[in-house]
Structure formats: C-alpha cells, structure tokens
Amino acid sequence: MISEHQAGIPLLMEALSGNSSDKTSFRQTLNDHIEQLSTGVGLSLVVADSALYAAQTLQDLGSFPWVTRVPATVGGTRELILAVSDDWMLDQPERAFTVLGSNYGGVNQRWLIVYTQAARERAEQTVNKQHLKKSQAEYNAFTALANQTFACVADAQAALVKLQKIMKVVALHDPEIIEVASFTKKGRPRKGQLPDIIRYRIEAGVASVLETRCHKIQAKSCFIIASNQLDEAQLSHEKMLELYTPGQQKVERGFRFLKDPWFMADTLFLKSPKRIMALMAIMTLCLLVFGALEYRIRQTLEQNKQTFPSQIGAATAKPTARWVFQFFTGIHVLIIDSRREVILNCNEYHHQLVNLLGNRYVKLYANSE
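Only a predicted model underlies this, so the values are computations on that prediction, with no experimental measurement involved.

Asks: Explanation requested: the side chain of E138 in the structure shown.
Replies: Residue placement: E138 occurs in helix α5 (residues 117–146). Looking at E138, its side chain comes within polar contact range of the main-chain nitrogen of K168, at 2.8 Å. A distance of 3.2 Å separates the side chain of E138 from the backbone nitrogen of V169, its partner in a polar contact. When residues no more than four places from it in sequence are discounted, the contact partners of E138 are I166, M167, K168, V169 and V170.

Structure below.
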C-alpha cells in the first residue's frame, strides 16, 4: 500500500502472493509506479518501513528522496546503538537522537539513532518476559546435568563445556567435578572400606547474566532512521522523525482497518485471483472514504476549537472515524404518511458535529428530533 502523508488516503494498493518477499516487491512497485506518482500526485519523497532498506532498492531510487528504518539485521547496527546510548539509558529522556553518516549499498545517507522512553518501556516488558523464560530453561538444563553421574572426569568435562556453549542468560560460577563413591553391597560400608565404583558429578553456582538482559533492553530501546537527503535545510532531523513516526503509522492504520474483524472479509472465500483483487479494490475504496472523512472531522474540530466525546466520555479533538460511525449508530428515519421524514435519536453531539461539517451534512439530518 502507498498512502499520502496528510490523511493516510491510499494512492495505490497491490495484491501480492503470500510467498512474495517485501524487499523484492517494494523495489518492483517503486520502479513501476514512482514516475507516475511523481507526475500524477506530486510525490516528492518516499517514507517506508525497513523492507525498503535493501542495497539494490536504494540504488534504483537514485537521488529520489526517501526516509526509512534501518533493519536490525544490517551488520554493526546493534553495536552502534550500544555505543551511543549509554547516557540515554541512565538519564531516560522522553526522546533523544544522534546523527551519523553512512554509505550503505554505495548510497550516501544520514542516520538518526533514536531513543524513546516509550520504546524502552516496551523493551523492558518484552525482554524481561523472554529473559525469565530463557533463564528458567537454562537453569532446568543445568539441574538435569547436575543430577547425572559420569564414568570419568573427561565425560563430565565434555558435558559441562557443551552446556556452557548454549547458555546465554545464565552463568555457572566455580564449576567443579566431584567424585561420587558407591558400594555394591547393601548396608553401611566398613570403616576404611574402598568404594566399589567411583563416578563423577558436576557442581556449580548458578546466576542470571544481567548484562545480557541490559544490552537487549538497550538495543530494543533505540532504532535507526535513514535518509539519502543529506541537506538538513531541505529535511531537518525533526522532520525525519515526524515523517517516519507517527507518519508511517498512517499506512499501518490502513492495514489494521482492512484486516479488522468488523470488515468481515474472512467471511468470503475467493479462490480466483481476479475476485480477490476486486475485493481488495472495494476495501481500498472504503479505506479512502474512511481516511478522508476522519481527516475532515479532525481538521474541522481543530479549526473550530471544538471536541467530541471519546469512547470513555472524555473530550477529544482527534476521534477516529470508526468511533464516530459507532457514535451515530441508533439514529433512525421515521416516515410519516409516506410524505414526512423525521430523524430520531440525534443528540447535541450529533448536531454539533454535523453543523461543523457543513450544509451538505446538515441536510441529511434535517427534521431531527
């Protein structure tokens, strides 16, 4: 999906196979349509998620401006984040960033390494949950190994080394291999009696590696935004941030709209690709109307310094179109003697919004009670 930045109105929707690669399809879509979009709707800059960040795609775009997120799979990004974000982890600002230069794929770029407190809070929740699960699994693995006995020291040492290689979040302190004497005859052995069998067991102290957890939180608290627009006068650092987040969320919201259970698209089984594409066209048209109306409502409320009740009854100047549709549920048209129409169940908030939107909307709700 390609959407315009202001209201999130879709400009292009293409149905692809579930087996297609985002990196390949992004490149193909841009190569096919970027010239048309530039001349037709004045496209001057592309903002995309990390699938755009492939060397071949960046080279194909040439000097055409773009902003995207650098994927964590690009070599050296994790080490770079850890190197510049120590102070942010201590000071915990609401948001901070630093600027670096890059030449990935032979394309000169400006990188913003961005930290946000919201990302850190999400990272802590995710990493703590993963760390607890992983540390419990590694502790159980060591407990199972400690309960085993081995025929010789070499076997015990090999088993210990093998376990330590796979342990990432738990460390063993002062591991040692001790002898375990056993006697074949029943009863208490005589004083000075030599054991019949000597086997070996592993003992060690177990502790969680907090440094691993902290580094994971630190890496997930930051992300990198890249652009080939090097002139800050043309594209400031703050504008880069605004274009990607929350700007990129307009596309994500569009996908959420299309996949929402209320759309009931999963109630239809369409085998033919043509029919699937036809359904996608209808859904995209609905998204266009949805996005345009939501933008109109929010713009009108802001210009008139008015608010609308949210789902919890609080006043908001940025209601979603979905909530407005729900709020207008229950309004009925009563037809009297086949001649007169009366609109029922309109309250003051309905009238307020309709009046703000203009005469075309007012006429639809005329004669309301």
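Asks: What should I look at first to understand the pattern of salt bridges in this one?
Replies: Charged atoms that come close allow side chains of opposite charge to pair. On inspection of all chains with the given rule, the structure shows seven salt bridges. A salt bridge links R95 to E238, with the shortest nitrogen-to-oxygen separation between them at 2.6 Å. Within this pair, whereas R95 is found in strand β5 (residues 95–102), its partner E238 is found in helix α8 (residues 237–244), the two being separated by 143 residues in sequence. Judged by its relative accessible area of 42%, R95 is partly exposed.

Asks: Is there a simple way to explain the pairing of β5 in this structure?
Replies: Summarising the sheet, β5 and strand β6 (residues 109–116) pair through eight bridges and their orientation is antiparallel. Residue pairing across strands places T98 opposite I113, the latter belonging to β6. Linking β5 to β6, which pair antiparallel, is a turn of six residues; within it G105 sits at a positive phi near 65°.

Asks: What's the story with a nonpolar patch on the surface in this structure? I'm lost.
Replies: Together, L285, L288 and V289 make up an exposed nonpolar region whose accessible area comes to about 260 Å². Along the polypeptide, L288 turns up in helix α10 (residues 273–303). Residue class for L288 comes out partly exposed when judged on its relative accessible area of 34%.

Asks: For this particular structure, what's the right way to read α10?
Replies: Helical geometry note: an α-helix holds 3.6 residues per turn, so side chains three or four residues apart project in the same direction. With 31 residues, α10 should cover 45 Å at 1.5 Å per step; its first-to-last C-alpha distance of 44 Å lies within 8% of that length. Positioned one or two residues after α10, K305 has a phi angle of 55°, which is positive.

Asks: Looking at this model, I keep getting lost on the packing of aromatic side chains. Mind explaining?
Replies: Overall, the coordinates contain nine aromatic pairs when judged by the stated rule. On the numbers, 4.3 Å between centres and 40° between planes, the contact of F257 with F290 is tilted. One end of the pair, F257, is in helix α9 (residues 249–259); the other, F290, is in helix α10, and 33 residues separate them in sequence. Residue class for F290 comes out buried when judged on its relative accessible area of 12%. Judged by centre distance (5.8 Å) and plane angle (65°), the rings of F328 and Y365 are edge-to-face. Of the two residues, F328 sits in the loop between α11 (321–327) and β12 (332–336) while Y365 sits in the segment after α13 (359–364), which places them 37 residues apart along the sequence. Put simply, the rings of F308, W323, F327 and Y349 touch in pairs and so form one group of aromatic residues.

Asks: Just to check I follow, could you spell out the layout of surface pockets for this structure?
Replies: Left-over empty space is what a probe sized like a water molecule reveals as it rolls over the atoms. Volume-wise, the largest pocket comes out at about 1600 Å³. As for the largest pocket, its lining consists of 49 residues, and the residues nearest its centre are M1, I2, L12, V251 and F255. For the lining of the largest pocket, the elements supplying multiple residues, two or more each, are β1 (2–3), β2 (10–12), α1 (22–41), β3 (46–48), α8, α9 and α10. In terms of residues, the lining of the largest pocket owes the most to one element, α9, which gives seven residues. For the lining of the largest pocket, the residue count by class is 27 nonpolar, twelve polar and ten charged. Taken as a whole, the second largest pocket encloses approximately 970 Å³ of empty space. Lining the second largest pocket are 32 residues, with A7, R253, F290, E294 and R298 positioned closest to its centre. For the lining of the second largest pocket, the secondary-structure elements that each account for two or more residues are α8, α9, α10 and α11. Tallying contributions element by element places α10 first for the lining of the second largest pocket, with nine residues. For the lining of the second largest pocket, the class distribution of residues is eleven nonpolar, ten polar and eleven charged.

Asks: Explain the nonpolar core here, please?
Replies: Considering soluble globular proteins, one finds that nonpolar side chains tend to be buried as a cluster. Core analysis: the largest hydrophobic core is formed by 30 residues, its most contacted members being V46, Y53, W66 and V70. Breaking this core down by element, the ones donating at least two residues are α1, β3, α2 (55–61), α4 (86–91), β6, α5 and β9 (222–227). Non-local contacts of Y53, meaning those with residues more than four positions away in its chain, are made with L58, W66, T68, R69, V70, P71, V74, Y104, Q109, W111 and A226. With 13 residues, the next largest nonpolar core counts F142, A156, V169 and I202 among its residues.

Asks: Please explain α1 as it appears in this structure.
Replies: Compared with an ideal rise of 1.5 Å per residue, which puts 20 residues at 28 Å, α1 spans 24 Å between its outermost C-alpha atoms and falls more than 12% short. Taken residue by residue, α1 has S25, R27, T29, L30, I34 and L37 as its buried positions. Those residues of α1 that are buried are in contact with β1, β2, β3 and α2.

Asks: Teacher, can you tell me more about the packing of α10 against helix α12 (residues 348–357) here?
Replies: Packed helices, taken two at a time, are described by the angle their axes make and the gap between the axes. One way to put it is that α10 packs onto α12 with a least axis distance of 10 Å and a crossing angle of 95°. Overall, the two elements α10 and α12 adopt an arrangement that is roughly perpendicular. Where α10 approaches α12, its residues R296, I297, T300 and L301 are matched on the opposing element by L353, L356 and L357. Of the residues contributing to the contact of α10 with α12, the split by class is five nonpolar, one polar and one charged.

Cut-offs applied
Residues numbered from 1 in each chain as written. Predicted model: local features only at pLDDT ≥ 70, side-chain atom pairs only at ≥ 80, totals over all residues. Heavy atoms only, no water. Helix = DSSP H or I, 4+ residues; strand = E, 2+ residues; numbered from the N terminus. Polar contact = N/O pair within 3.5 Å; in protein donor to acceptor, adjacent residues only side chain to side chain. Contact = heavy atoms within 4.5 Å. Salt bridge = Lys/Arg side-chain N within 4 Å of Asp/Glu carboxyl O. Buried < 20%, exposed > 50% of the residue type's maximum accessible area, 1.4 Å probe, protein only. Pairing = 2+ DSSP bridges. Patch = residues over 30% accessible without salt bridge, like charges linked within 9 Å, V, L, I, M, F, W, Y side chains within 5 Å. Areas by Shrake-Rupley, 256 points an atom, 1.4 Å probe, with all protein chains shown as cover. Expected span 1.5 Å × (residues − 1). Phe/Tyr/Trp six-rings, centres within 6.5 Å; stacked < 30°, edge-to-face > 60°. 1 Å grid on protein atoms, 1.4 Å probe; cavity = no way out; pocket = protein on both sides within 12 Å on 5 of 7 lines; lining within 4 Å. Points joined across faces, edges and corners; volume = space filled by probe spheres on them. Nonpolar A, V, L, I, M, F, W, Y, C, P; charged D, E, K, R; others polar. Core = buried A, V, L, I, M, F, W, Y, C linked by side-chain atoms within 4.5 Å. Axes fitted to C-alpha atoms, helices over the stretch in contact; angles between N-to-C directions. Parallel < 35°, antiparallel > 145°, perpendicular 65-115°, else oblique.

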